[in-house]
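Spelled out from the first residue to the last, the chains are:
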Amino acid sequence: MFDRELEEATSHIRQALAGLSLPSPEEIVWAPIPFAGQWGYGTAACFQVAAAQARANPGTQVKRRAVELAEQVVRKLEPVSGFARFAAENAYINAYFETADYAARVVDACLQSGPDFGRGEPQPDRLMVEYAQPNTHHSFHIGHARNAVLGEALARIAEFAGYETIRASYPGDIGLGVITCIWAYDKFHRGQEPEGVFARGRWLANIYTEATALVTPKDNETPEETRQRQTYDAERRELLRRWDAGEPEVRRLWERTRQWSLDELLEVLKLLGISIDVFFLESQAAELGKSIVEELVASGIAEDERANNGPVIVKIDEKLGMKKEKYRTAVILRSDGTALYMTNDLALARLKFEKYHVDRSIYVVDFRQSLHFQQVFKILELWGFPQAAKCYHLAHGFVTLPAGAMSSRKGNVIYFMDVYEEAVRRVKAIIAEKNPELSAESREEVAGQIGLGALTYAMLSVDNTKDIVFDWETALSFDGQSAPYIQNAHVRANSILKKVARLPEAVSFDYGLSEHETTLINLISRFPMLVQQAAREYKPLLMAGYAFELAKSFHGFYHAVPVLQADRDDIREARLRLTAATRQTLANCLGLLGIKAPNVM
RNA sequence: GCCCCCGUAGCUCAAUGGAUAGAGCGCCUGACUUCGAAUCAGUAGGUUGUGGGUUCGAGUCCCGCCGGGGGCGCCA
């Protein structure tokens, strides 16, 4: 927002240094001055110059020299429009903005752009973000929710930052686990089908858990139990073979139950505000994958050990000439010729590049699969895909329970819908207490927005790499650093603004601004740059932290600074516009996180 | 054995190589006849696991060690 001014200041500094017969650093970097209350940007350029001198003249004290230099440079600096003054402080060169101009420019720019405030210029790269890939025949749990919420936030941020963004989902709809579920369904529950999308999905997931228990060896099995289990195991493997052979009866059973899971997935995604552009199903990738394996064997990248009852493998470290084992050996096709996860991911990558023409491909998958994706990307590289360098595995931590990992197979999972419903229940109780006059209709809508917001925020306010230990009180916290706190700031801003018929036209901020106001304006001015940074670093956390900062500043402002009751009309108008700009920025920022900004709560 | 991630306040977590390492929760003390108290103001809390190195400057980068988690040929 202040690129032009800072560029001008940069060239002035270079001139001043030249005037002192000193070389300029290659790059002069500006950062916001950390002290609250006064606005501006500062640069540590003098440290670099002093350091260079110290290298030439040993014995030079760098810090003292940097302080001297900053003072000398500032004395020689010509005024730059937009800046009130330059100051040498602590060896930094600080440029302070013209208060009234700066405030008006920030607020006007925000209100003029409205929902587009912070949106970046269109970028040439096309991105695909792949996320929300639970297996079918399971039910959507809180760990899936973290993945989905994180991927969606990334997609929104990338899109807003200016990249054309395609949202992709890749449910795993086949594999021995899926077949095990179908086997048990057909054997013990044939023809049954509960009412309701969520109830049905959950019911199917329970069958999966029960079925897994039936085929898993137990301690202290009786011979009778062992025989039974082995029979069951043989049955499900036979079913997999029949599936692979394409038997219509098995396929129909599979497709029907799969649809139950996909129906549930779509409902959950809808609830989360996620609209996927491209669905890849794992089962559809197998055929292409197998042909790719043949290609890799033919080109000498892969080795076919099937003649010796082995699988098809790629010795990645060897191919790369690595001394230490790092990427190891990847199995890309089973010895019986059936496709693996790896087979399918190779096919999928190729589809992304060749059919959807993506320049950058982002895989949002938990970090347990880091090696898998490193192998995929390296094989793509060996294969000759230039886009391999632009594949990125966003490895995120997973959601565990205080007692340990969740496991669909073991059935000890926290389902997303249970948490969501509990969140809504709690929010409703609070509304009943704090805002009883809210209409029943609004109450329903708002409770969903707040409850889901709290849950979403709890997942996005932790850095990608960290695990989240799920507990109800933390996940559904409505106080402190939480979505409801931020949403409440939005509501409070709105409650002021709805009392005026029309927002005043652009006004001057030429009065003594309080620190509360300067802090707000400073934060608002930084939003567009932050969007770019979050997109570049794949870090929704930055937006989550920022939204809280902004809300906190607004709450402070709201408490201490009168808006409607301001002493003078011009101050009142300026503060109304500042309030509106804050509301807009809060809404935009929450929107990037996939969190709704209600007008009442 | 090898590879990846993490270690910051009692707890949960922040901090583009830059200025005095910050929030929230919890504890304690205050503020609603006031634009909505789901709020605000204040108190207390630190040898950033550890030892070196690079740098004008390191929580951040490099190496070693300690501790925790994950992964390593036909699960996904």
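In what follows, the structure referred to is the one given above.
Everything numeric here is computed off the predicted structure, so don't read it as measured data.

A. Up close: the pattern of salt bridges. Counted according to the given criterion, the structure contains 43 salt bridges. In this structure, Arg200 engages Glu193 in a salt bridge whose closest nitrogen and oxygen atoms are separated by 2.6 Å. Of the residues examined, Arg200 reaches a relative accessible area of 11% and is grouped as buried. Among the salt bridges present, the one from Glu247 reaches Arg242, with a minimum N-O distance of 2.8 Å. For Arg242, a relative accessible area of 22% gives the class partly exposed.

B. Layout of the protein's contact with RNA strand B. The environment of RNA strand B is formed by 66 residues, the closest being Arg55, Arg328, Arg334, Tyr485 and Val561. Near-protein atoms of RNA strand B (within 4 Å) split between backbone and bases, with sugar and phosphate holding 60%. One of the backbone nitrogen or oxygen atoms of Glu325 is found 2.6 Å away from a sugar or linking oxygen of RNA strand B. Between RNA strand B and Asp463 there is a distance of 2.7 Å, counted from a phosphate oxygen to a backbone nitrogen or oxygen. Elements that contribute at least two residues to the surface near RNA strand B include exactly helix 2 (45-56), strand 4 (92-97), strand 10 (329-333), helix 14 (416-434), helix 17 (483-497) and helix 19 (540-560). Residues that form the surface near RNA strand B fall into these classes: 31 nonpolar, 17 polar and 18 charged.

C. Local environment of the nonpolar core. Residues Ile142, Leu272, Phe416, Phe509, Phe527 and Met543 are the most contacted members of the largest nonpolar core, which totals 139 residues. Sorting elements by how many residues they give to this core places helix 5 (residues 142-161) first, with 12 residues. If we ignore the near neighbours within four places in the chain, the residues touching Ile142 are Val399, Met406, Ile414, Tyr415, Phe416, Val419, Leu455, Met459 and Phe470. In this structure, Leu296, Tyr327, Tyr363 and Ile379 belong to the second largest nonpolar core, which totals 38 residues.

Definitions and limits used
- Residues numbered from 1 in each chain as written.
- Chains lettered and ligands numbered in written order.
- Predicted model: local features only at pLDDT ≥ 70, side-chain atom pairs only at ≥ 80, totals over all residues.
- Heavy atoms only, no water.
- Salt bridge = Lys/Arg side-chain N within 4 Å of Asp/Glu carboxyl O.
- Buried < 20%, exposed > 50% of the residue type's maximum accessible area, 1.4 Å probe, protein only.
- Near = heavy atom within 4 Å.
- Polar contact = N/O pair within 3.5 Å; in protein donor to acceptor, adjacent residues only side chain to side chain.
- Helix = DSSP H or I, 4+ residues; strand = E, 2+ residues; numbered from the N terminus.
- Nonpolar A, V, L, I, M, F, W, Y, C, P; charged D, E, K, R; others polar.
- Core = buried A, V, L, I, M, F, W, Y, C linked by side-chain atoms within 4.5 Å.
- Contact = heavy atoms within 4.5 Å.

Purely spatial values, then, with no claim about function.
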